[in-house]
Structures are given as C-alpha cells and as structure tokens.
Amino acid sequence: MVGAGLVLALCALQLCPAALGGSRRLSKFGGFAWENCGDKRDPVVLQSLSVAPDPISIPGSLRVSAAVSSSKAMASPLKAVLVVEKALGDLWIQLPCIDQLGSCTYNDVCTILDNLIPPGTTCPEPLLTYGIPCHCPFKAGSYSLPASDFILPDMELPAWMTNGNYRVRATVSNGGEELACVKLAFSLQSQ
C-alpha cells in the first residue's frame, strides 16, 4: 500500500495530476506535521513520515521517508478524497478543485496510477529498489521507503497554490469502506 500511500502523499502535496505513526498537532502554523485521522479499525496506517526541507521548495529537491502497514489487500476502485486548505491570516480557506488540483475527489487511484505508470512497466525508482508496488491490487503487509530524494520541477502553479501554509486531509476508501485517513500540514515556497 505504500506505493499508493506515497502517490497519495505526493498528490496531497499537489505534486501529481490527480496520502502516510506518531502523531503531531496539526494546528501548528507553518512547518511539517502529520497524523492518522481514521477510525482505529482502518486497515491502512501510516507508521512514519518525514519530509524535508521545511518549507517545501518548488522547484527543488524533496527528501521523503515513510512506513505504512496494511492489514488488508486493496483493489480497484480505490477512491481518494482530498480536502486542501490554505491559511489566509488566521483563517483556513478550503481550496476548490481546479484542473485536478486542490480539494478533489479521485474516483479510482488505481486508474490514475495506471495512467502515470502504464501496466507492464517497471515501477520507477526508488519504489523498485525497495519492493514497493505501484499498481493495484496492493497486498496486505508492511512497506518502508527509506529517505529518498525526489526532484520537484519548476511548475506553473496557480496563484492560489503558491507560497503559504497548507492543511490536507486525505481519505482512501473502497466500496464505501474507509481504508485510510491522513492529515498533513506543510508550507510551500515557490521560487
């Protein structure tokens, strides 16, 4: 599941066209934080997540490490719902879904993964090296991504997605059953 979890985390950071335990307070203004937000019975649990630098710089390099455990195999369709909020002074404003960025619902993450990485294609690094799947179905088990660097290219971000502090709630479900819920808080700094 960490393959989908990693993809969801990058989507939550709005770095793909379409999520990751300890717990930290998400009311903090600025800085990176995360927590599981699902029911204690959720089969997918983020065990750890680290992201650097803080704030995340676009363009730039992003170092991510994560560990995810799943007590259940997961197959298509995997529905992901992202709620993205941006700080505006002391207020948090929910961003709309525009061009698949912002607070969006993705009805099948498996299809998105197939479009990003065509079936039959080898999973990209570092997923391949660490045995992390990048296609559905995902087997039950524990997956770990040691600290790995990802290049964030210079992207044309909408004005409302540039510098600032963000909160994201990402939930994944199948057939109405919640499988995972993760909250993220982070800061973006675009060059």
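As recorded in an unreviewed UniProt entry, the chain goes by the name GM2 ganglioside activator, listed as coming from Strix occidentalis caurina.

Before going further, it helps to spend a moment on the state of the cysteines. By definition, a disulfide links the sulfur atoms of two cysteines through a covalent bond. Summed over all chains, the structure comprises four disulfides. The partner cysteine of Cys37 in its disulfide is Cys181, sulfur to sulfur 1.9 Å. Taking the torsion about the sulfur-sulfur bond, which here is approximately -85 degrees, the covalent link between Cys37 and Cys181 counts as left-handed. Taken as a pair, Cys37 in the loop between β1 (33-36) and β2 (44-52) and Cys181 in strand β10 (residues 177-190) lie far apart in primary sequence, 144 residues in all. For the pair Cys37 and Cys181, a shared accessibility class is recorded, and that class is buried.

Let us look at the nonpolar core. With 45 residues, the main nonpolar core has Leu49, Leu78, Leu184 and Phe186 as its most contacted residues. Counting residues per element, the ones that place at least two in this core are β2, β3 (56-58), β4 (60-70), β5 (79-88), α2 (109-116), β8 (141-152), β9 (164-174) and β10. It is β10 that provides the largest number of residues to this core, a total of six residues. Ignoring anything within four residues of it in the chain, the contact list for Leu78 reads Tyr106, Asn107, Asp108, Val109, Cys110, Cys136, Phe138, Val172, Ser173, Asn174 and Leu179.

This part takes up the environment of Cys104. Inspection of the secondary structure assignment puts Cys104 in the loop between β6 (91-94) and β7 (105-106). Along the chain, Cys104 and Ala80 lie 24 residues apart, while their C-alpha atoms are 8.3 Å from each other. Look past the residues within four positions of Cys104 in its chain and what remains in contact with it is Ala80, Val81, Leu82 and Cys97.

With that settled, the discussion passes to the sheet that holds β8. The strand order across the open sheet formed by three strands is β2-β4-β8, and the pairing between neighbours is antiparallel. Looking at the sheet topology across the chains shown, the edges are occupied by β2 and β8. When strand polarity is set aside, the average angle formed by the axes of neighbouring strands in this sheet is 15 degrees. The sheet contact formed by β4 and β8 spans 10 bridges and is antiparallel. Its bridge partner being in β8, Val68 is matched across the sheet by Tyr143.

Definitions and limits used
Residues numbered from 1 in each chain as written. Predicted model: local features only at pLDDT ≥ 70, side-chain atom pairs only at ≥ 80, totals over all residues. Heavy atoms only, no water. Disulfide = S-S within 2.5 Å. Helix = DSSP H or I, 4+ residues; strand = E, 2+ residues; numbered from the N terminus. Buried < 20%, exposed > 50% of the residue type's maximum accessible area, 1.4 Å probe, protein only. Core = buried A, V, L, I, M, F, W, Y, C linked by side-chain atoms within 4.5 Å. Contact = heavy atoms within 4.5 Å. Pairing = 2+ DSSP bridges. Axes fitted to C-alpha atoms, helices over the stretch in contact; angles between N-to-C directions.

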